[in-house]
Structure formats: C-alpha cells, structure tokens
Amino acid sequence: MQSIEKKGDGILVVRVTVAPDADKVKIHNHFMQGYEFAAKVLEAQYQERLEDKDLLISKQEAQINRLFDIVEQQGSVQKALAENPRKVSNYNRPIFKINFVGK
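All values reported here derive from a predicted model rather than from experimental measurement.

1. Some details on the overall build of the chain
Next up, step 1: Each helix and strand counted, the chain has two helices and two strands in total.
Next up, step 2: Listing every helix and strand of the chain by position from the N terminus yields β-β-α-α.
Next up, step 3: By the burial criterion, 0% of the 103 residues in the chain qualify as buried.
Next up, step 4: Of the accessible surface of the chain, which amounts to about 10300 Å², a share of 57% is contributed by carbon and sulfur atoms.

2. A closer look at the pattern of salt bridges
Next up, step 1: Counted by the stated rule, this structure contains three salt bridges.
Next up, step 2: Through salt bridges that share partners, Glu-5, Lys-7 and Arg-15 make up one connected network.

3. A look at the pairing of strand β1 (residues 3–8)
Next up, step 1: Of all six residues in β1, zero are buried, a share of ten percent or less.
Next up, step 2: Taken together, the five bridges between β1 and strand β2 (residues 11–15) define a ladder with antiparallel strand orientation. When the sheet's bridge partners are listed, Ser-3 is paired in β2 with Arg-15.
Next up, step 3: Between β1 and the antiparallel strand that follows it, β2, lie two residues; Asp-9 among them carries a positive phi value of about 55°.

4. Here we look at a nonpolar patch on the surface
Next up, step 1: Taken together, Met-1, Ile-4, Leu-12, Val-16, Val-18, Ile-27, Phe-31 and Tyr-35 make up a surface patch of nonpolar side chains, about 740 Å² in accessible area.
Next up, step 2: Top element by residues in the nonpolar patch is helix α1 (residues 24–83). It accounts for three residues.
Next up, step 3: Summarising the element assignment, Val-16 is placed in the loop between β2 and α1.
Next up, step 4: A relative accessible area of 44% means that Val-16 is categorised as partly exposed.

Scoring rules and cut-offs
- Residues numbered from 1 in each chain as written.
- Predicted model: local features only at pLDDT ≥ 70, side-chain atom pairs only at ≥ 80, totals over all residues.
- Heavy atoms only, no water.
- Helix = DSSP H or I, 4+ residues; strand = E, 2+ residues; numbered from the N terminus.
- Buried < 20%, exposed > 50% of the residue type's maximum accessible area, 1.4 Å probe, protein only.
- Areas by Shrake-Rupley, 256 points an atom, 1.4 Å probe, with all protein chains shown as cover.
- Salt bridge = Lys/Arg side-chain N within 4 Å of Asp/Glu carboxyl O.
- Pairing = 2+ DSSP bridges.
- Patch = residues over 30% accessible without salt bridge, like charges linked within 9 Å, V, L, I, M, F, W, Y side chains within 5 Å.

Just geometry here; none of it tells us what the structure is for.
If you want it as structure tokens, here you go:
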C-alpha cells in the first residue's frame, strides 16, 4: 500500500503497488470485502455508543429533574415557614420531660 487519500463525499483513494501480472480485479474485490466488513463492525460499534450516550443523557435528565423537584419543594417549605412560623416551629420544638425525685 502506497497511500490512502480522502477525496471528500465519502470517497477514499487507496494506492497499492502490485506486480504487473497480478489479478487487479481479485485484489480490488478482496480489499472491498475487507473494507465492507470493517465498516459494518465499526457501524455497529458506533450505534452501540450512540445508544449508550442516549441512555446516559436520559439518566442525567432524570437526575436534573429530580434536583429541580427538590429545589421546588424546598421553596414550598420555606414559604410555609414564612407564612406559618408558629405551626412549623412548634412541630420542630423538642419535648422535654423532667421528673423530680424527692426524699
């Protein structure tokens, strides 16, 4: 193989040196079969990676949405605290019970 040149529009030019009496059609067909096999394998790998990427994006979107829900809930809780300070603060107040034992 002498060189591989990318011409654009998906065209590749592969230059090879062969003996003058070589079966060039056979060499071309053999090369094309190898190229098509490699292209199929790479396409399958590419599709798997795309699916993995899409799955990762979906998971990250779900996590982001959960975070937004948490932030929204915090806002609701803070609003309730501001509107009803006694009710909420009584709920959170610890209860102490003291027993005195005399002689």
